[in-house]
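For reference, the chains in residue letters:
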Amino acid sequence: MADADILLEVEKLAKTFRVGFFGRRVQALRGVSLQVRRGESLGYLGPNGSGKTTSIKCILTLIRPTQGQVRLFGLDPTDPLARARVGYLPESPYFYDYLKPTEVLDYVGRLYGLDRGTLRKRIPELLDRLGLSESMNRPLRGFSKGMLQRVGIAQSLLSDPDLLVWDEPMSGLDPIGRKEVRELMIDLRRQGKSLFFSSHVLADVETLCDSVCILDRGAVVAQGALSDLLHADRLESEAHFTLPIDPEPAVAALQRVAGVQLLDQSSTTVRLVLPTAQVSALTAAALSCGAQLTELSPRRDSLEELFVRKSVHLEEKSAAKEKP
Amino acid sequence: MSSITTSGGLQLQVQGPLASLRRVGAVAANTVREAGRNRLFFGILGAAVLLLIFSVVLSDLALVDQRARLVQDFGLFTIPLLCNLTAILLGVVLMTKEIERKTLYAILPKPLRRAEFLLGKYLGLVLLLLAELLILTFVWSGVLLLRGGWLTPVIAEALALQFIEIMLVTAVALFFSALSSPILSGVLTAGVFVIGRITYVISELLGAQKGVFVEVPLMRALGRVLLAVVPDLSTFNISDELLLDWTIPNAYLGAATAYGLSWTAVFLVLAVLLFERRDLV
Ligand SMILES: Nc1ncnc2c1ncn2[C@@H]1O[C@H](COP(=O)(O)OP(=O)(O)O)[C@@H](O)[C@H]1O
Ligand SMILES: [Mg+2]
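Owing to the predicted nature of the structure, the values given are computational and were not obtained by experimental measurement.

*Asks:* Pulling in residues and values, what's your account of the sheet that holds strand β8 (residues 211-216) of chain A?
*Replies:* Sheet strands associate in pairs through backbone hydrogen bonding, adopting either a parallel or an antiparallel arrangement. Residues and elements named next belong to chain A. In spatial order, the strands read β5-β6-β7-β3-β8-β9; together these six strands make up an open sheet with mixed pairing. Each having just a single partner strand, β5 (86-89) and β9 (219-225) make up the two edges of the open sheet. Geometrically, the sheet is characterised by an average inter-axis angle of 10° between neighbouring strands, direction not taken into account. Strand direction decides the pairing type here: strand β6 (residues 163-167) and strand β7 (residues 194-199), joined by five bridges, are parallel. Across the sheet, Asp-167 pairs through a bridge with Ser-198, a residue of β7. The strands touched by helix α5 (residues 145-157) within the sheet are β5 and β6, with β5 carrying the most contacts at an inclination of about 170°. This element, helix α6 (residues 175-190), spans β3 (41-45), β6 and β7 of the sheet and lies at about 155° to β6.

*Asks:* Tell me about the coordination of the magnesium ion (ligand 2), and please be specific about residues and values.
*Replies:* Residue and element names in this part refer to chain A. Note on the magnesium ion (ligand 2): its protein donors are Thr-53 (OG1) and Glu-91 (OE). The metal-donor distances range over 2.0 to 2.5 Å. With Thr-53 in helix α1 (residues 52-59) and Glu-91 in the loop between β5 and α3 (101-111), the pair connects residues that are 38 residues apart, well separated along the chain. On the accessibility criterion, Glu-91 (36% relative accessible area) is partly exposed.

*Asks:* Hey, could you go over the packing of aromatic side chains for me, with residue numbers and the actual values?
*Replies:* Residue and element names in this part refer to chain B. This model, assessed by the stated rule, comprises nine aromatic pairs over all chains. For the pair Phe-175 and Phe-267, a centre-to-centre distance of 5.6 Å together with 70° between the ring planes defines the contact as edge-to-face. Of this pair, Phe-175 sits in helix α6 (residues 153-177) while Phe-267 sits in helix α12 (residues 250-276), placing them 92 residues apart in sequence. Classification of Phe-175 as buried rests on a relative accessible area of 11%. One cation-aromatic arrangement involves Arg-114 over Phe-275; the distance from NZ or CZ to the ring centre is 5.5 Å.

*Asks:* Give a description of the pairing of β8 of chain A that names residues and reports values.
*Replies:* Residues and elements named next belong to chain A. For β8, a buried count of six out of six residues is recorded, marking the element as mostly surrounded by other parts of the structure. In β8, alternate side chains face the same way, and those of Ser-211, Cys-213 and Leu-215 on one face and Val-212, Ile-214 and Asp-216 on the other are all buried. Relative to β8, β3 runs parallel, the two sharing four bridges. Looking at the pairing, Leu-42 lines up with Ser-211 of β8. Two successive antiparallel strands, β8 and β9, enclose a turn made up of two residues, where Arg-217 displays a positive phi of approximately 45°.

Definitions and limits used
Residues numbered from 1 in each chain as written. Chains lettered and ligands numbered in written order. Predicted model: local features only at pLDDT ≥ 70, side-chain atom pairs only at ≥ 80, totals over all residues. Heavy atoms only, no water. Pairing = 2+ DSSP bridges. Helix = DSSP H or I, 4+ residues; strand = E, 2+ residues; numbered from the N terminus. Axes fitted to C-alpha atoms, helices over the stretch in contact; angles between N-to-C directions. Contact = heavy atoms within 4.5 Å. Donors = N, O, S within 2.8 Å, 3.2 Å for Na, K, Ca; no water. Buried < 20%, exposed > 50% of the residue type's maximum accessible area, 1.4 Å probe, protein only. Phe/Tyr/Trp six-rings, centres within 6.5 Å; stacked < 30°, edge-to-face > 60°. Lys NZ or Arg CZ within 6 Å of the ring centre and 35° of its normal.

Here it is in structure tokens:
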């Protein structure tokens with residue numbers, strides 16, 4: 001793939017904050033690398049405090065990285081030309097509360113060098129698309145968090161950017177708002193836009209991105225195509241059985257198959273998980289003990305599980321390191 | 001001016017000095033608009049107008065033939081003082097609010113340089129202060145007329161020179177507030193303003209035969225440092241000369257203006273250099 005197709009490139013980004021009177025060091029980022037290609041949608045995941053916002057601020061020059069570098073459209077992000085093609089939504093955006101949405105967009109439009117005619121046409125369109133047309137002539141002072149979020153999204157789209165960098169786009173929105181934003185994102189992808197967005201709500205991400213980058217305590221713990229990540233770690237299946245009149249010996253027989261783990265059991269049914277390679281051994285065992293297979297499905301990690309597992313994994317590693 | 005065309009066919013003008021100037025203008029316009037919707041600016045303006053009108057009452061205490069003089073002195077002292085006060089308050093409030101309320105976080109990632117932002121903020125503030133000075137001068141000349149005085153060209157010259165001081169104080173306010181908290185910026189700017197107006201006192205004390213500024217080495221060092229880093233604001237005050245009906249040589253006006261603008265530039269450039277390095281976390 002040509003270099004021109006890499007819209008955002010972050011290389012070994014590190015940031016150390018100094019806090020308090022004695023300048024205690026806080027390592028917010030420890031060598032983060034990632035790429036966003038043209039047309040790609042990359043979900044940036046991680047628990048609160050993992051460094052998502054800090055790295056996004058480094059990308060947009062709000063924060064100077066301690067080490068590493070950022071390239072936007074192949075340019076240094078301090079070049080206005082690089083930032084001209086990015087639409088940024090800050091985390092819980094704040095705008096001038098004395099301005100109306102139309103005025104915010106007008107101000108932003110001028111900073112992008114859009115002419116009056118274009119703005120006059122485009123601003124009402126965008127506000128309408130984000131469901132703000134009724135409040136477009138009211139100052140932002142009285143706006144709810146969700147409405148501010150919509151204004152934030154509108155201003156990020158104003159200049160028709162190729163790359164959208166959104167920090168927690170779903171936060172502050174009600175279920176309807178989330179659904180609308182999700183639809184908007186799907187629409188933007190269809191238009192060929194590249195998306196880079198952070199979230200700590202995994203359900204929002206799972207359906208919206210091609211690949212994810214999972215961050216924990218300032219370091220990338222998993223990165224890649226969503227489908228690879230979710231399958232790669234384990235190939236497992238889940239099996240449901242209806243048990244015979246005398247359940248205990250049957251359950252014991254099923255559990256004797258290598259690798260089987262009991263998920264849950266009632267007086268008449270049992271749910272097991274096992275390596276997919278052991279499925280035939282399990283069905284053989286079931287035949288001989290009188291348990292009846294009612295359901296067999298490949299077990300896929302949900303993103304949630306992947307997330308927790310990766311974080312825990314890292315925790316164990318660092319705990320091991322600290323031991324003498 | 002070259003422009004880039006987006007995939008949706010929009011024209012973005014972001015390169016070149018003209019585009020840069022337009023961004024500075026957009027920030028300045030927004031600053032003016034913000035002050036126009038802010039109680040602070042109109043509060044100070046209203047109080048200042050009342051104070052000037054009050055000088056009519058005050059002048060009644062004086063002998064009839066000195067009333068115009070009194071109003072004149074009062075105005076020449078009060079108008080610049082009020083404008084400087086506005087410069088400090090408005091400069092600090094409008095700049096630190098952008099950081100505290102994080103409005104800047106949505107604006108700076110746009111194709112806008114930090115220098116352009118600061119310059120726009122500065123120009124907006126200067127425009128507001130010019131408007132304040134003109135409004136107050138207008139009210140005051142009415143009061144002056146009422147008491148048989150007249151806004152002479154020399155008085156106008158004196159006010160114009162005071163405006164250089166106001167521009168300088170605005171730059172100082174922006175410098176501190178781009179780098180520190182609202183209260184600290186307010187205190188430091190006010191400090192520079194007060195010390196700047198009495199630098200001649202400090203230099204007299206340093207040149208005297210005795211006194212703390214001569215005898216205590218620490219105070220002597222402090223005095224020297226203050227004289228070096230604080231501009232001499234009395235340069236812009238020619239009301240004493242006016243009182244004595246002296247004519248002010250044009251060379252002096254030119255030199256004073258150059259002095260003020262140079263200091264203004266120093267503070268603005270320092271503000272940009274330091275602000276560019278600041279993390280907006
Ligand atoms: N200004 C700051 N000073 C010190 N530490 C900070 C600062 N900003 C963020 N951090 C630290 O950096 C880490 C990452 O924070 P952040 O990027 O906001 O995470 P996220 O967006 O993933 O929730 C956190 O541990 C936080 O405490
Ligand atoms: Mg965050």
